[in-house]
Protein chains: 2
Amino acid sequence: MTIGKYKIRRGAYYDSVVLMQLQRGLTGLPGVIDAGVVMATQANCDLLAASQLLPDSISANPDDLLIVVKAEDDTFAMDALGKVDELLARRRSSGIAQDFRPHSLSAAVKQLPEANWVLISVPGRYAAGVAREALALGKHVFLYSDNVSLEDEISLKKTAREKGLLVMGPDCGTAIINGVGLGFANRVRRGPIGLVGASGTGLQLVTSEIHTLGEGVSHAVGTGGRDLKSEVGAITAHQALGLLRRDPETKVIVLISKPPSAEVATELLVAAQATRKPVVVNFIGYPVPCPGLDNLHFAGSLTDAARLATTLAEDPFVDEEELATPLVNRYVRGLFSGGTLAYAAILGLQTVLFPLYSNTPITEAQKLVDPFRSSANTIIDLGDDIFMVGRLHPMIDNDMRIRRLRQEADDPGVGLIFLDLVLGDGAHPDPASEFVPVIQEIKKKNPQLKIVMIVVGTNIDPQKLGAQSNRLREAGAVIFPNVDSAVDFIVRQMRRAPVNGAVPISLDALRQPLAAINVGLESFYESLTLQEAQAIHVDWRPPAGGNEKLASLLARMKT
Amino acid sequence: MTIGKYKIRRGAYYDSVVLMQLQRGLTGLPGVIDAGVVMATQANCDLLAASQLLPDSISANPDDLLIVVKAEDDTFAMDALGKVDELLARRRSSGIAQDFRPHSLSAAVKQLPEANWVLISVPGRYAAGVAREALALGKHVFLYSDNVSLEDEISLKKTAREKGLLVMGPDCGTAIINGVGLGFANRVRRGPIGLVGASGTGLQLVTSEIHTLGEGVSHAVGTGGRDLKSEVGAITAHQALGLLRRDPETKVIVLISKPPSAEVATELLVAAQATRKPVVVNFIGYPVPCPGLDNLHFAGSLTDAARLATTLAEDPFVDEEELATPLVNRYVRGLFSGGTLAYAAILGLQTVLFPLYSNTPITEAQKLVDPFRSSANTIIDLGDDIFMVGRLHPMIDNDMRIRRLRQEADDPGVGLIFLDLVLGDGAHPDPASEFVPVIQEIKKKNPQLKIVMIVVGTNIDPQKLGAQSNRLREAGAVIFPNVDSAVDFIVRQMRRAPVNGAVPISLDALRQPLAAINVGLESFYESLTLQEAQAIHVDWRPPAGGNEKLASLLARMKT
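A quick note: this is a predicted structure, and the numbers were derived from the prediction, not measured. (Residues numbered from 1 in each chain as written. Chains lettered and ligands numbered in written order. Predicted model: local features only at pLDDT ≥ 70, side-chain atom pairs only at ≥ 80, totals over all residues. Heavy atoms only, no water.)

K.L.:
Honestly, the overall build of chain A in this entry has me stumped. Any pointers?
P.N.:
If you tally the helices and strands in chain A, you get 19 helices and 22 strands. C-alpha extents for chain A along the principal axes are approximately 95 × 55 × 50 Å. Contacts in chain A between residues far apart in sequence, at least 24 positions, make up 71% of those at least 6 positions apart. Here chain A displays about 21200 Å² of accessible surface, and carbon together with sulfur accounts for 53% of that area. (Helix = DSSP H or I, 4+ residues; strand = E, 2+ residues; numbered from the N terminus. Contact = heavy atoms within 4.5 Å. Areas by Shrake-Rupley, 256 points an atom, 1.4 Å probe, with all protein chains shown as cover.)

Here you go:
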């Protein structure tokens, strides 16, 4: 026969370490079978229920502390609950000694003026305030706290961008700066691979595997999981790419994230392309366009990203070519006879082209309003049902495609036209004979206009692959045998210089020995000192001891 | 000054070749500048308008033929329109000679009884009827026609499956059977690579590249673009995989398609796994789970698929292992501390597990209703915000995860539990010390239950990767260093024998010299004879000469 007893403490603030230690302390007491110590949220009560620890009827709010004890009898249970204050007091002694603990960030800065980073792991509702203070003091922020609002995240990151500072997070689990791990981080060799990740354990897995493969890490910048959402616009990831681009220690860059929004993905890949360093991309769960485009290498998994980065680090080719190309700000138009080829072209080109429209779009946003009129960058599948009523397939009858080709060539906004030509049995017996005169005519009118063609076929096809390709090439088209190589060519024509609205972050952020102020979880401070980084821990308490009513009263009195 | 004239022929049927030839004939006449010959659909009128060929005000229906001529003057225009009948009559002479042309499928079968295939490229509204007739005659069908309804596709494919016959299509552009290309196909070397593709030009590109890389193709089976939609359930793709599995000539299989629905993808990948031959998968635009799982190889593009297949063909390892494994029909439960690791695990496991649920799902359908209770296969991210209020991260505090681990282990439906353990600074100083006793306890109670763990870390982490892994391994867990290898292990435990509702297709379909009856585009018949395949062309006319009212009247009189 077991007995359960509980105690509620209303509206008091305790940090999570204290709660864990109290629970462990209670479980270790004589006669106690199990114990639970939680903030009384619905989720936490559900968890207690799953362990048969939830009292039958309690009335507690999410900001109340609920302490439950299951014991062998009533006396053991009451004794245990009686020890709560004693157990809470015992906690202090376990910490690493620090002579004098400042109570505020500004006091901490006076004590450790060389601190260039502030680590924040206080509860979410207080975190934005502390981060704002850190930015005002000119410090970079590692924001571990979760449950920070999206609005706060956006405003913090915009402020940071204006000041040339980084905000990693909120909900940023991991970073490695100048050899020192922040938050959760694995010990890894220093080396030429720099990482940007909207994913904490993703960064941990990849950095660990890079180390295991014998390579090393220059820096790993976390961004927080929401950074690549369209509302935030990947502010931190863009800053981090800019830093690693300029960092001479970083030879290869790895970019990892859960699937970003389409526009953010394109902007980020354009920025990655502009680094002119090899960039390994793994947007986990996002379709891979093809193994490689220009300096971008698309990995098939986190482990594949580590492997690729390690291979590239052996011989990191840095391309110093001019970034601004004549095709930037001109449109690409694709006129395809093969549906799958069109689809693969969209998949590849959306890497760097935005907006991109099609009559056979991959995403809803790419849907072309009028299939008879191209808009911005457009890929048309002319074998689509709508074009096919009473008409031969464009692989047999070139008439419709040639008319459209003239139409696109007459558009002064167009810089490149992309076509496929599929040979083989069943197809037109000599498509070059019909395309050559039109291409010559177009190139004569506008020699700047690039015409790129994929010619699909074999040397034993009736039309002869080599002969068809040669005649088209002589007419002025650039010929490729498949979508990957043609898209790679086009992507290289589209290199853009990085957009520069942001105040550049000083490379000192990476070069100076890491020194940090820690606000929140003491264990993060302990990790820093174990890694022999300079650090100071702030003995932070929430305003008014966590009493929110009192806190808002105090805040009002201040203003 | 140019002049435009037009002519409308109401409700008459002409095949697309006739229309193309008429247009070319008109354009070649003296004084004619341009001409358009189209069925008067909205899309076709828009196309005429784009070429400045659409008359100002016409009243034509989609099944009317619209003939437009733009000429230098009125006389030239009238003369041209006056030649329409003559030009239509001229067409016949161009065809390849065939002594006697049957007018029906059944007559053609009498003339070429060894025909095992029927190629159908008549207009969409007639195609299903012809296909039904072909199936009734016991023939495999290559259905090129588009604009066939989804209902007709499903009913045709179900009928075929019951009869052990294949229906490739509708809207199937390409196939290569026993060395002969059907529809649009490239000439390629014979060899050990068999393909299944819901994508015509995809098959053309990959077969062409395989040829160019020096390898060859056993067979390439097209399915039509809608086969992998959930309504159709990939009937043809499953039949094709079954055929290539049993075909001794095929050593490596390539499976390509635009992104299929999630359930269809899983079922198809399970069938691909069951072939026990190396299968290269490229669901274009579908996220790659990782480069390889069991015998499945995920390609990053069509070109990458060709390259991979060619590499695998050099040494095609055929795995004769037992298919039915003890874990089939038991559930997998994953309890993760790392959000990205959980996400990557879902991405990998959804390859073969359906349904699969999570509190951090990839698709809406994977959303777990109650995060505190697992259902079927479930992956939980215990670092999710909902679990985190007033609680330390599960990488520091193992309590919640260990409670949940016991809960899952007590579920008799569970066959495997999947955990991650992330080491490094900031994380628990010795997680093995807390997990080892629970694992021992679980393995003692239920030795059949597999516990699979990813341990992320390095040899210089404070907890020491090797030591942690060894202790967990000795307790009975199976240890892996990353998601890819752990998921690969689990996927191998889940091998299922192929589902066998279908009547197996005789391998004769692939082995017998291809002989075909062609109904529709004459050029496909010409291609067959050029490839020296036995073929016969049916001089097909639509019922009642294309007059739909009359046709439906005749149909009603028949019944």
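So, next bit.
K.L.:
Which parts of the structure should I look at to understand the relation of the copies chain A and chain B?
P.N.:
Copy one and copy two of the chain differ by a rotation about a common axis and a shift along it. Taken as rigid bodies, chain A and chain B are interconverted by a rotation of 180 degrees and an axial shift of 0.0 Å, the fit giving an RMSD of 0.1 Å. Such a combination of turn and shift is consistent with a two-fold rotation axis. Judged by C-alpha distance, P287(A) is the residue of chain A that lies nearest the rotation axis, at 2.1 Å. When you check the interface residues of chain A against chain B, 99% turn up at the interface there too, and the contact is symmetric in its surfaces. (Least-squares fit on C-alpha atoms with pLDDT ≥ 70 in both.)

K.L.:
How do you make sense of the interface of chain A and chain B when you look at a structure like this?
P.N.:
The figure often quoted for interface size is the accessible area lost as the parts come together. Contacts between chain A and chain B engage 102 residues on the former and 101 residues on the latter. Carbon and sulfur atoms make up 57% of the area that chain A and chain B hide from each other, which totals about 7800 Å². For the pair chain A and chain B, the number of links is eight salt bridges. Note that R24(A) is salt-bridged to D397(B), the shortest N-O span being 3.6 Å. If you look at where chain A meets chain B, you find 42 residue pairs in polar contact (both at pLDDT 80 or more). Among the elements that make up the side of chain A that touches chain B, the one with the highest residue count is helix α8 (residues 200–212) of chain A (nine residues). Each residue belonging to the side of chain A that touches chain B can be placed in one class, and the counts come to 47 nonpolar, 36 polar and 19 charged. (Buried area = accessible area lost by both parts, 1.4 Å probe. Salt bridge = Lys/Arg side-chain N within 4 Å of Asp/Glu carboxyl O. Polar contact = N/O pair within 3.5 Å; in protein donor to acceptor, adjacent residues only side chain to side chain. Nonpolar A, V, L, I, M, F, W, Y, C, P; charged D, E, K, R; others polar.)

K.L.:
So what exactly am I meant to see when it comes to unusual backbone geometry here?
P.N.:
Across residues other than glycine, the phi torsion is negative in most instances, and most of the peptide bonds are trans. Residue and element names in this part refer to chain A. F354 connects to P355 through a cis peptide bond whose omega is -5 degrees. Here the phi dihedral of N147 falls at roughly 55 degrees; this positive angle occurs in a residue that is not glycine. Structurally, the position occupied by N147 is in the loop between β5 (140–143) and α7 (150–163). Non-glycine residue E532 carries a positive phi angle of around 65 degrees.

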